[in-house]
Structures are given as structure tokens and as C-alpha cells.
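Fold and geometry: a report
What follows is each chain in one-letter form.
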Protein chains: 2
Amino acid sequence: MAEEAPRRRSRGGGGAARRAERTSIKIETAKYIQRNIPNFEVLTQEALETIEANADIILEEVGVNFVDNPAALQRWRDAGADVQGERVRIPRGLARKLCATAPAEFTQHARNPEKSVVIGGNNMVLAPVYGPPFVRDAKGGRRYATMEDFNKFVKLAYMSKWLHHSGGTVCEPTDIPVNKRHLDMLLAHMTLSDKPFMGSVTEPSRAQDSVDMCGILFGKEFVQNNTVMTSLTNINSPMTFDDVMMGSLEVYAANNQACIISPFIVGGAMAPVSVAGTLTQVLAEVMAGVAYSQLVRPGAPAIFGAFVSSIDMNSGAPTFGTPEASLVTYGAGQLARRLNLPFRSAGSFCGSKLPDAQAAYETANSLNMGLLSGVNFMLHSCGWLEGGLVADFEKFVMDADQLGTLHGLAKGVPVSEDDQAMDAIREVGPGGHYLGCAHTQANFKTAFWKSDLLDYKPFETWEEEGARDTYSLATSRVDYLLSNYQAPALDPAIREALEAFVAEKKAESPDAFM
Amino acid sequence: MAEEAPRRRSRGGGGAARRAERTSIKIETAKYIQRNIPNFEVLTQEALETIEANADIILEEVGVNFVDNPAALQRWRDAGADVQGERVRIPRGLARKLCATAPAEFTQHARNPEKSVVIGGNNMVLAPVYGPPFVRDAKGGRRYATMEDFNKFVKLAYMSKWLHHSGGTVCEPTDIPVNKRHLDMLLAHMTLSDKPFMGSVTEPSRAQDSVDMCGILFGKEFVQNNTVMTSLTNINSPMTFDDVMMGSLEVYAANNQACIISPFIVGGAMAPVSVAGTLTQVLAEVMAGVAYSQLVRPGAPAIFGAFVSSIDMNSGAPTFGTPEASLVTYGAGQLARRLNLPFRSAGSFCGSKLPDAQAAYETANSLNMGLLSGVNFMLHSCGWLEGGLVADFEKFVMDADQLGTLHGLAKGVPVSEDDQAMDAIREVGPGGHYLGCAHTQANFKTAFWKSDLLDYKPFETWEEEGARDTYSLATSRVDYLLSNYQAPALDPAIREALEAFVAEKKAESPDAFM
């Protein structure tokens, strides 16, 4: 399981790759976050036990639906569940018992072994926005996303220091046929970046294509023995598991690839309006989903997911960065840890139409809550706008910069003799100042997190330089990053094989746009 | 101590006041936050003990300076400290022992008893920005603050649901002589609002004026037996207590009024660059200050304050919303609780020049950290801009709206039978939806925090209505609030007495602008 990806695959085999490596700019990627701080927990022991007992009751008495999926129903029947039509009622304790074979943490390998990530435990892995059909930037406004936009986001994610993961559908490339875009998206992640990525979930056959392309990139045997994709399988809350998502999950689980099993909750619509009620339903749904993944292949990596927003009861719109969503997330983290499963939640959530102050308040609320709730895999950690309808270029780099604050906070408070700084306090004394003292000189370069984007200049300088707001600074940063992008080296033989696979698959079937 | 403010004082005695009361709009003010969530703690037991031991060493071996204050030096000498020149070295354990007589929580009375606040324990009281010499709004840009601006901020604070406190120097009214502006500021808080407020600290005589004006508003005897002001006395870090601040503290403590005793730290300049070192110095400074307040009057209310920012080592500018400041604040909260003292920290901190995305990220980071670190009194909770140089009108209402999220989060997760929502989950079942179910109908009005400012509309509606960003919405909200302001009723006799006091004091001395 913990085998290293073969070295040659990250180095590139040909002269062209070696030349590319020599001339490329050094791109710095932070190691995934390893928390030296506790998790923030809002549920008492009594609340936890109540919610867990209620979730068991839901599974046993109400049950969940597995839609258009006779094989799944048969697996549940064989496991001892009560199956009536598409309704699966799971005897008390069975789901929890099945969940126990899923690993508490696992390594997702990247083609560059230095960028492999460990998902679970005290770690947090950050991946970009997923799924928007639209993009926005200051120059072009709001428009349907294209493959060109997709490629730009993959490049930006590759160049973002605080992103550990390239993500999946960073936006929907709507100019590519629906039945073929997964191929181009995977090719982009595999060739434009060397960070880990996600597979397709929109058809079981596309999940299989994802596995096959990984076979080319990593080697078939490596893929069978290691996890090289983490993919997102949503539950249709309340308590419905559709055949498309479950079909993809079956492919991934059978191939030892990780799935995030994630209720998609707009509180008050897909779950009760109360926090405790939502947590109960989320727990029941995730237990059923993870249990099912273990019926497909015991030991397949599975992540406890929770996508949670509130609803604006006036407009019916989902709302983000709200306290109720935070409470659900903090509670879900506790429930995930008690199941010994990695936890996915939070992100750069906002309902704003623009990357303005509303977007930033809502996003900061979500990002902070994500770190403190013990999230292990944070999808949507940058670039999300307008309730997820839009992937925004400026917000992508703004959020990606803020992810640095999470890295800083996660360090906690070390108290080595040097950290205690008693010599500095003695040296400076009452009325002195620390700027010049030995301890400051020795430590100032690494002492404070520093933004690569935000403005810290004095007012007068800032005004002379054009009085630019964050949005304007972000536009410049997007341009700077994209104009300095250089692809990571890749063995040309692998690239050719991937391109041939994509061409062959595309030729196999006519274009479909629905 | 817990005596109610006399009823007549909040009702108003005259016909004019009664008429005003009848026609006034009902202004809703939320009760101060009572946390049903735990505090977030970053220091281990070992780290706490190390920092506490080091702080004792600082006090004993390095000591603190009490500048130009022979009476203070004498008090310390009498208490058993080693005083050499202005340096006070405090034997191990003495400061902590003296701190023990300060109350763990206290009531600060408002002239409207419904708006009195309890500071300490699980409570959090929110007060607006304090101190900026400049103001900014979209219409007038950045400019020196005037008394007219000051009055507007007091009105906005009065009308803000989530602000429990009217604050103090919400901006510096630079058009009023320095030696007289405290009179106009106090008169504004006392007449334009009925929320609790802060006293002047810029001269001991001005602190005495504050006490005397409270004597008129509340009655002299009431003031002597109750706390009606919470005032801010900063420590000149490192470890320097100047005569102005300490002189004001002496007045307030002698009159049983509360002081926030607050190191003012720009990390790397006024304290070591390390979090542990900063915490050590902060603890030593606060213990010395609180201990001193108890030498003046044992039992006088005192708050453990910590104003913390980082420094940008390139420009020397203070930076806000940074992870290191958050870690210091979380740790300081722990240290304050171990001293059994109320805790003041956090606020709507940002370094941005505009109320843009930078401002909102930084502010949201600070506000969330403030709630979770166990802050009991949050000064600067709205309206702070540009490192505290500017009080911004739009940001004031933007931040004040976000304070609602803290109220929501503090509720925690109740698990009553109704909260568990099992009937709803059974009623809706797999594939259903919750919008129409009985539990949702019964609870939706109070289930989710709702912004009074942010935009939740669908894109098309938002675009048709002018595609307004948060800043533009905030400009409208400031106008709306100010144009609907009506003063709370006040006994005309009290108003006249206050105005007479102010006029008399102003006539006593020539204007001073330095």
C-alpha cells in the first residue's frame, strides 16, 4: 500500500523532458497541513450518543434507497439487510461494522512522489473548486466555462503554494461533449500538473476510463496496489443513492481508489432545519454509503463527506458561511472521527456574485471552520463563487493566498527554548523594542505568515500606486502566474500514450451534449 | 453590586421624553452572547505552565517600569515589590495573588437596564471600533474625523442589533479641542444611545469627568456601588506603564469602574517574534497591571486585555487577520481563564485601505478567532479599517451584520426532541424534501441566521437590480439607518444637567489642540 510511485515516472525519460526540467521555474508547493492544534468540538458526549442512536434508527426503520441498481440491492441482501423494492433497511450496528474495514488514513499518490498526500489523521489536504458551469474574471465577466478555462485553473492550482491537490472538475468545460470531457480533464490534470487529482464520476464507464488513464500514468500494477485518485460521489439527500454515483463508486472501490461519500445538503430542503437533525441524517447517509463501498471491496479507501449549506427562506437560495453550516461541520467532524474515517467538508463557500467583501467574509468563515473542524480533505478550497455556479479566476488566487493562514494556524504554539524567547525579553527590557534584537534577527523570516497578494503598504504609497483594491491585485496575480507557467516534466512516451488513449476513446462514440 | 439602575432614569420623566418614546421606532438589540460552545485552546498543560513560570521570572528578574508615577512606586513598595528607580520587580507569586481579588465577572450597567451587560464567564459583549483619527465612506472618501462623524457612529451602534455596547472613542473628533472632546464624546454616548459605554483615559482629570458625568446620568451613589463604565488602559509594551494611562486607571479603580488592562503588541516590535514569547510578555504585563489596579482598590473590575498584530517585516506595517495573531489570542484566552479574569481581545481587524475582500478576509479571521478564543469583551468588533487609522462607515455596517454569525455559532447544538427532528426525517423519507414538512414550518423562522445586508438573490435578479457589490449595499444601509434614527428617551432634567456640566467644564480652560 505505501509503496513509492516508481521514480522514473516523476523524472521523465526523454531528452525533451530533461531540457524542460532544467529550464523550468521552481514551483514551491507546501506539504499538506499536519495539525498541531486540537479539533474544535461542539457536540457533547450525550449529543453524540443521541445522534448516533438516531442514525441507527433511521437506517433500520426508515432505510435508504439504492435506485436502478439491482446489484447493489443484492449485495445488501447478502450482507443481511432488509431489502424491499429499492429500499434498504440496515439492521442496527451493521453499517458501522462494515465501515470499520475502511482505512482511517491512506496515501493518495501523485506522479511526483514529493506531492503525494496522506488523507486522514491530523492531516488536511487542500483541493480547488469543483463543478461550476460558469467562470468569471474581471476582463471577460461571467460566461460558460470552456476547456481553455479549465486548463488555466489547473495551471493556477499547480502554481499555488498552498494547494496540495489539482482537484477534479475545476470547472465544466462546456465546449467539449459531455461524454468526452472527462478525458480532456484528466489529460489536463496529468500533463499540466504533477499534483494528485480526482477521477470522473458522471458515468461508471468514465470512472473506468479514469482508472485506465491512471494505469498509463502510474503503471497498471501500481494503480491496483495504491490509491492514485480521490473522487467525489454525492448522495442525493435525503437518503438516496443513485445508480450513476454508485456505479462510479463501484468502479473506484473495486480498483482500490478513494471515494468521498458525501451527502449534499441544503439545510431545510434536503435535511431538517435543525443542526442535530441534519447531523443525524448525514451520519445515516454516510454510514450507508461507506458500508456499501466496503461491500464492494473491503478496505477500499472512503471519506466521510459533508457538503452543507443553509437556505434563505425568502428566496430559497442556498447560503454560505453561516453559523448553522459551521455547527453542522464541527459536529460532522466529531462523528467522522468516531467512525475512524477521513473527513471531507468546508471550502471557499460563498453566495456572492462577485469576489467582494461578502464573498470574503463567507469564505473566511468557511475556511476557518474547515481547519478547526478537523477536515482532512477540503474540496472547493479556492475559487468558488455564486453558490458554486461560478469558478472565479480572481477569487481563486485570493482564496489560495488565504489558505496560507490555515497552514500558519495549524502549526500551533511550539515552546522550545528558542520559542520561549526569554533571552530576547531580558535583552530588550521595559521600554525597548524587538526589531533589532538577536532573537528577532534569527527568526523573523519564518515567524509570520506573509500574503503574496494582499496590500500592507502605507496609505500614501498605496494611493500613489493607484489605490488598487484586492480584486485588481488579484487580476494582476492571475496574469503573472499564467504568463510564468511552465509544465512539469513528463516522460514523452507516457504523454503520447495518454493522448492516444484519449483520441481512441473519443473516436469510439459520437459527441453527446446532454 | 447587582442593584438595578433606578427605573425612572431609563424611562424619562418629562412630557417631551414620553412623546419621543411613543413615536420612536422599536430598535432591537440582541442580548450579549452567552456561549454554548467550548473555547478553542492551543496551549497544552505543559506550555501553559512554561509560559506562566516564565512570566513570573520576567516580573521578578526583569521587572516593569511605572513611569512618572511616585504614588504607584510607593504602592508597589508597600506591597513588597523591589523598586529601583522606576523599575518594579515583583516577587514570584505576588502579582498572581493580587490579581485574585479582581472579580471573574461583573455587570456593566446601561442607563436602559435591559441593555446592561455581564462581562466575564461564558459571555461575550461586542463594542465598536475605538480610536481612529480618520473616517471613510464611499461618498466623502478618507478624511479627518469630526464630531458629526462621531455622532453618526454612535447612532449606527445604537441601531445595530448585534452590538451590545456603544464603545468609547469610535473615532477621534478632531474638530473639537483635545482637552474637551471627551466631554462631547461622553455626552453623545449618554444621549444618543442607551447602551453601555466607555470612559476617557487620555488624562486622569478626564477620567474623573467621566465618573462625574456618570454620576449625573446614573446617580452618584449608584456609580459608587456599581460599574457603569469599562475603559481601555493600554500598556506601552514592552513592560512600561505610563502615568497617563495609570492615572486614569487609578481614577476608575478607585471609583469601582472597570478597566481593560491591555498590552498593545505589534509582534516583532513590542514583543518577541515567537507566539510563546509574546504570550509570556503579555501575561507578565497584564498580571502587573491588574495587580496594580487591585493595589488601588481590591475588588475593582479589571479585564485581561491583549491587542495583538503581527508585523510585515518588509514594510514594518502591522498586519491583521494573521495566523500568529490568532494563536496568541487563543493562548491569551487560556491564560486569562487561569487567572479567573474576563478577557478582551480580537475585533474587526484588517490592514486594507478599503472595505474590500482583503478587509473582509482579515476581519472574518479575527472575529471567528475572537468568539472561539473565549473573548468576553470585544472592542473594535465593527468598523475598523487600515490598521485602525480609519473608522469606515460602510465597513461598520458590514462587520456589524457579520457579528450575527457569532451569535448563531455561540448557540451550539441543542439536542431536544424537537431538535433531533426524527419525526421530520420519518415524514420526509428517502427522496423527499423538507421545505413543506411540519418540523420545517414550525422552525424555519428562527432556524438560520439571516444577514440584513448581504445578497442572496439569483444572479439574474441581482443583475437586473444593478449588480451591486457589498460596498454599495452597505452605503445604502448606512443611509437607511441614519435616516431612520430616533434618539432613545431620556429625562430632560438629566440631559440638561449633562449639558450644563459639559458647558461648565469647557468654559473652565482654554482650548488645546495638542
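This text follows the structure it describes.
Before going into details, it helps to say that this report is about the structure given with it. (Residues numbered from 1 in each chain as written. Chains lettered and ligands numbered in written order. Predicted model: local features only at pLDDT ≥ 70, side-chain atom pairs only at ≥ 80, totals over all residues. Heavy atoms only, no water.)

**Structural notes on the relation of the copies chain B and chain A**
Taken as rigid bodies, chain B and chain A are interconverted by a rotation of 180 degrees and an axial shift of 0.0 Å, the fit giving an RMSD of 0.0 Å. What the rotation and shift describe, once combined, is the action of a two-fold rotation axis. The position closest to the rotation axis in chain B is occupied by the C-alpha of B:A357, lying 2.1 Å away. With an isologous cut-off of 70% or more, the 100% of interface residues of chain B that recur at the interface of chain A puts this contact in the isologous class. (Least-squares fit on C-alpha atoms with pLDDT ≥ 70 in both. Contact = heavy atoms within 4.5 Å.)

**As for the sheet that holds strand β18 (residues 390-392) of chain B**
Residue and element names in this part refer to chain B. Strands sit in the order β9-β8-β18-β17 across an open sheet of 4 strands; the sheet is mixed. In this open sheet, the two strands that pair with only one neighbour each are β9 (141-144) and β17 (384-385). Sheet topology note: the β17/β18 ladder contains 2 bridges and is antiparallel. By the bridge assignment for β18, L385 is matched with V390. (Pairing = 2+ DSSP bridges. Helix = DSSP H or I, 4+ residues; strand = E, 2+ residues; numbered from the N terminus.)

**Focus: the interface of chain B and chain A**
Every contact between the two is made by 110 residues of chain B and, on the other side, 110 residues of chain A. Here chain B meets chain A over a buried area of about 9100 Å², counting both sides, of which 70% is carbon and sulfur. Contact with chain A buries surface across chain B, with B:Y361, B:P430 and B:F448 losing the most and accounting together for 9% of the total. At the junction of chain B and chain A, the tally comes to 6 salt bridges. Across the pair A:D312 and B:K450 runs a salt bridge whose closest N-O atoms are separated by 3.7 Å. Across the chain B-chain A interface, the total number found is 36 residue pairs in polar contact (both at pLDDT 80 or more). Ranked by residue count, the leading element in the side of chain B that touches chain A is helix α13 (residues 357-372) of chain B, at 10 residues. A breakdown of the residues in the side of chain B that touches chain A according to their chemical character gives 54 nonpolar, 37 polar and 19 charged. (Buried area = accessible area lost by both parts, 1.4 Å probe. Salt bridge = Lys/Arg side-chain N within 4 Å of Asp/Glu carboxyl O. Polar contact = N/O pair within 3.5 Å; in protein donor to acceptor, adjacent residues only side chain to side chain. Nonpolar A, V, L, I, M, F, W, Y, C, P; charged D, E, K, R; others polar.)

**Digging into empty space enclosed by the protein**
Inspection of the entire model under this criterion finds 12 cavities of 30 Å³ or more. Taken as a whole, the largest cavity encloses approximately 110 Å³ of empty space. Around the largest cavity, the lining comprises 17 residues; the ones closest to its centre are A:N368, A:L409, B:S326, B:Y330 and B:N365. Those elements giving two or more residues to the lining of the largest cavity turn out to be α13 (357-372) and α14 (393-410) of chain A together with α12 (323-338) and α13 of chain B. Counting residues per element, the lining of the largest cavity draws most heavily on α13(B), at 4 residues. Of the residues that constitute the lining of the largest cavity, the class distribution is 10 nonpolar, 7 polar and no charged. In this structure, the second largest cavity encloses a volume near 100 Å³. Looking at the second largest cavity, the residues that line it are B:M159, B:S160, B:K161, B:W162, B:V397, B:A400, B:D401, B:D452, B:R477 and B:L481. Those elements that provide at least two residues to the lining of the second largest cavity are α14 (393-410) and α19 (470-483) of chain B. A per-element tally of the lining of the second largest cavity places α14(B) first, with 3 residues. (1 Å grid on protein atoms, 1.4 Å probe; cavity = no way out; pocket = protein on both sides within 12 Å on 5 of 7 lines; lining within 4 Å. Points joined across faces, edges and corners; volume = space filled by probe spheres on them.)

**What about the sheet that holds strand β9 (residues 141-144) of chain A?**
If you walk across this open sheet you meet the 4 strands as β9-β8-β18-β17 (chain A), and the pairing is mixed. Two strands in the sheet have a free side with no partner beyond their single neighbour: β9 and β17 (384-385) of chain A.

**So, the nonpolar core**
In terms of nonpolar packing, the biggest core is built from 349 residues, with A:F304 and B:F304 touching the most fellow members. Residues contacting A:F304, with those up to four places away along its chain left out, are A:I261, A:V282, A:L283, A:V286, A:A332, A:L335, A:A336, A:L339, A:L341, A:P342, A:F343 and A:R344. (Core = buried A, V, L, I, M, F, W, Y, C linked by side-chain atoms within 4.5 Å. Buried < 20%, exposed > 50% of the residue type's maximum accessible area, 1.4 Å probe, protein only.)

**Thoughts on the state of the cysteines**
In total, this model carries 0 disulfides over all chains according to the counting rule given. Summary of cysteine pairing: A:C382 is not part of a disulfide, and the nearest cysteine sulfur, belonging to A:C350, is at 12 Å. (Disulfide = S-S within 2.5 Å.)

**So, a negative patch on the surface**
A contiguous patch of negative charge, built from A:D68, A:E86, A:E203 and A:D243, is present on the exposed surface. Counting through the fold element by element, A:D243 comes out in helix α10 (residues 243-254). (Patch = residues over 30% accessible without salt bridge, like charges linked within 9 Å, V, L, I, M, F, W, Y side chains within 5 Å. Areas by Shrake-Rupley, 256 points an atom, 1.4 Å probe, with all protein chains shown as cover. Lys, Arg positive; Asp, Glu negative; His and termini not counted. Charge placed at Lys NZ, Arg CZ, Asp CG, Glu CD.)

**Remarks on the environment of A:K31**
All names here are of chain A. Considering the arrangement of structural elements, one finds K31 in the loop between α2 (15-23) and β1 (33-34). Residues K31 and V125, 94 residues apart in the sequence, show an inter-C-alpha distance of 8.8 Å. Excluding anything up to four places from it in sequence, K31 contacts H164 and H407.

**Considering the pattern of salt bridges**
All names here are of chain A. All chains considered together, the criterion is met by 38 salt bridges over all chains. As a salt-bridge pair, E60 and R92 come within 3.0 Å of each other at their nearest N and O atoms. Of the two residues, E60 sits in helix α3 (residues 45-62) while R92 sits in the loop between β4 (87-89) and α5 (94-99), which places them 32 residues apart along the sequence. E386 is the partner of R142 in a salt bridge, and the nearest nitrogen-oxygen pair spans 2.7 Å. One end of the pair, R142, is in strand β9; the other, E386, is in the loop between β17 and β18 (390-392), and 244 residues separate them in sequence. The network of salt bridges with common partners includes D137, R143 and D149.

**Structural notes on the pairing of strand β10 (residues 230-235) of chain B**
All names here are of chain B. Across the 6 residues that make up β10, a large majority, 6, are buried. Every second residue of β10 is oriented toward a common face, with T230, L232 and N234 on one face and S231, T233 and I235 on the other, all of them buried. Summarising the sheet, β10 and strand β12 (residues 258-266) pair through 6 bridges and their orientation is parallel. Bridging from a neighbouring strand, N234 pairs with S262 of β12.

**Topic: the packing of helix α11 (residues 275-296) of chain B against α12(B)**
Angle between the axes and distance between the axes: these two values describe a pair of packed helices. All names here are of chain B. Contact geometry of α11 with α12 gives a least axis separation of 10 Å together with a crossing angle of 40 degrees. Between α11 and α12, the interaxial angle falls into the category oblique. Between α11 and α12 lies a crossing whose hand is right-handed. Here V275, T278, L279 and L283 of α11 come into contact with α12, specifically with E324, L327, V328, G331, A332 and L335. When its residues are assigned to classes, the contact of α11 with α12 shows 7 nonpolar, 2 polar and 1 charged. (Axes fitted to C-alpha atoms, helices over the stretch in contact; angles between N-to-C directions. Parallel < 35°, antiparallel > 145°, perpendicular 65-115°, else oblique. Left-handed = near helix turned anticlockwise from the far one by under 90°.)

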